[in-house]
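Architecture at a glance
Spelled out, the chains give:
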Amino acid sequence: MPKQEGGVENMEGAAFYWLAWIAWTITTFLMKKTKERVYLSIFFLLLIYTSTFTFHIDRFSMNGTLLMLALISYAYIGMQTARDTMYSMFVSILLSLVYLGLYVIVMNDPIWVMFSFHFFMALPVALLSILMLKTVRTRLSVVISALIHGEVGYTIFMLDMHPMYVSGSFIFLNVLVVACGIVFLWTMYESFISKLKVKVDRPVKHVKEGVH
């Protein structure tokens, strides 16, 4: 049964709420008036709202946002061709193992986390997705599914030691938005460089053609 929590007051979710509200502001007020803008605005509002709910199944507890993101990421991955879906799932499983491996490092030798736990957990997953995948939507859907797989695996592993742990807690949501932020910003940088290269190469090409 779902149980509503006081998520907004939980400072552990500060990064998640800040970035989610910023994303909602951008989609609502800065994007062109299209159906995509409406869908994205509704999505970010639901993302924030569902984070205040926790679902309990026997001893397993799950944040509502994790469940919603899982359904959306799986739906997008499933809409690809069979070959792309298989590859995306392979990358997702690989990245989830990386996420679990990072948790093992943190648990056994926390000294590695010198700056920020969120960046330590998010950066390797985000960078690998950038290297192994091409489009921003595929990267984001795979990163989200990978982190969810890793988080659920970690929760199951920790059930006996921390029975009150909620899968998809605000600590996890902070890691998730940081990873997605890295992927999105890098993809925008790639797009900018690609457009800039086209603009620079076009006059150079004309000059070469004029010489000949």
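Note: the structure precedes this text.
Residues numbered from 1 in each chain as written. Predicted model: local features only at pLDDT ≥ 70, side-chain atom pairs only at ≥ 80, totals over all residues. Heavy atoms only, no water.

Some details on the overall build of the protein chain
The secondary structure content of the protein chain amounts to 7 helices and 4 strands. Reading the helices (α) and strands (β) of the protein chain from amino to carboxyl end gives β-α-α-β-β-α-α-α-α-β-α. Evaluated residue by residue, the protein chain yields a buried proportion of 39% over its 212 residues. In the protein chain, the share of contacts with a sequence separation of at least 24, taken over all contacts with a separation of at least 6, comes to 70%. As displayed, the protein chain offers around 13,200 Å² of accessible surface, 73% of which is attributable to carbon and sulfur atoms. (Helix = DSSP H or I, 4+ residues; strand = E, 2+ residues; numbered from the N terminus. Buried < 20%, exposed > 50% of the residue type's maximum accessible area, 1.4 Å probe, protein only. Contact = heavy atoms within 4.5 Å. Areas by Shrake-Rupley, 256 points an atom, 1.4 Å probe, with all protein chains shown as cover.)

Some points on the pattern of salt bridges
Under the definition given, this model contains 2 salt bridges. Put simply, glutamate 36 and arginine 137 hold a salt bridge, and the shortest N to O gap is 3.0 Å. In this pair, glutamate 36 sits in helix α2 (residues 35-50) while arginine 137 sits in helix α6 (residues 136-158), placing the two residues 101 residues apart along the sequence. When the shortest N-O distance is used, the salt bridge between arginine 139 and glutamate 190 registers 3.0 Å. In this pair, arginine 139 sits in helix α6 while glutamate 190 sits in helix α7 (residues 170-211), placing the two residues 51 residues apart along the sequence. (Salt bridge = Lys/Arg side-chain N within 4 Å of Asp/Glu carboxyl O.)

Thoughts on the packing of aromatic side chains
Applying the stated rule across the entire model yields 13 aromatic pairs. A ring pair is formed by tyrosine 99 and phenylalanine 172, whose centres lie 6.4 Å apart and whose planes are at 85°; its orientation type is edge-to-face. Here phenylalanine 172 lies in helix α7 and tyrosine 99 lies in helix α4 (residues 82-108), a separation of 73 residues in the sequence. No difference in accessibility class separates tyrosine 99 from phenylalanine 172, as the two residues are buried. Where tryptophan 186 meets tyrosine 189, the ring centres are 5.0 Å apart and the plane angle is 45°; that geometry is what we call tilted. Here tyrosine 189 and tryptophan 186 lie together in helix α7, a separation of 3 residues that amounts to about one turn. Judged by its relative accessible area of 40%, tryptophan 186 falls in the partly exposed class. (Phe/Tyr/Trp six-rings, centres within 6.5 Å; stacked < 30°, edge-to-face > 60°.)

Quick word on helix α3 (residues 64-78)
In a regular helix each residue adds 1.5 Å, so 15 residues correspond to 21 Å; α3 covers 21 Å between its end C-alpha atoms and thus fits that length. Put simply, asparagine 63 is the residue that caps the front of α3, since its side-chain oxygen is 2.8 Å from the backbone nitrogen of threonine 65. (Expected span 1.5 Å × (residues − 1). Polar contact = N/O pair within 3.5 Å; in protein donor to acceptor, adjacent residues only side chain to side chain.)

A look at the pairing of strand β2 (residues 53-57)
The pairing of β2 with strand β3 (residues 60-63) spans 4 bridges and is antiparallel. Paired with isoleucine 57 across the bridge in β3 is phenylalanine 60. Hairpin geometry of β2 and β3 is characterised by an intervening segment of 2 residues between the two adjacent antiparallel strands and by a positive phi of about 55° at aspartate 58. (Pairing = 2+ DSSP bridges.)

Examining the pairing of β3
On β3, burial covers both faces: Phe60 and Met62 on one face and Ser61 and Asn63 on the other are all buried. Both β3 and strand β4 (residues 166-167) contribute to a ladder of 2 bridges, which runs parallel. When the sheet's bridge partners are listed, methionine 62 is paired in β4 with serine 167.

Thoughts on the nonpolar core
Generally speaking, nonpolar side chains in soluble globular proteins are found buried as a group. Tyr99, Met121, Leu147, Ile148, Phe172 and Leu176 are the most contacted members of the largest nonpolar core, which totals 47 residues. Going through the elements one at a time, α1 (14-30), α2, β3, α3, α4, α5 (117-132), α6 and α7 are the ones with two or more residues in this core. Considering each element in turn, this core owes the most residues, 11 residues, to α7. Here isoleucine 148 is in contact with Leu66, Leu69, Ala70, Tyr74 and Phe172, once residues within four sequence places are set aside. (Core = buried A, V, L, I, M, F, W, Y, C linked by side-chain atoms within 4.5 Å.)

Quick notes on a nonpolar patch on the surface
Nonpolar side chains collect at one region of the surface, where Trp18, Leu19, Ile22, Ile26, Phe29 and Leu30 lie side by side and expose about 680 Å² of accessible area between them. With respect to the element layout, leucine 30 can be found in helix α1. (Patch = residues over 30% accessible without salt bridge, like charges linked within 9 Å, V, L, I, M, F, W, Y side chains within 5 Å.)

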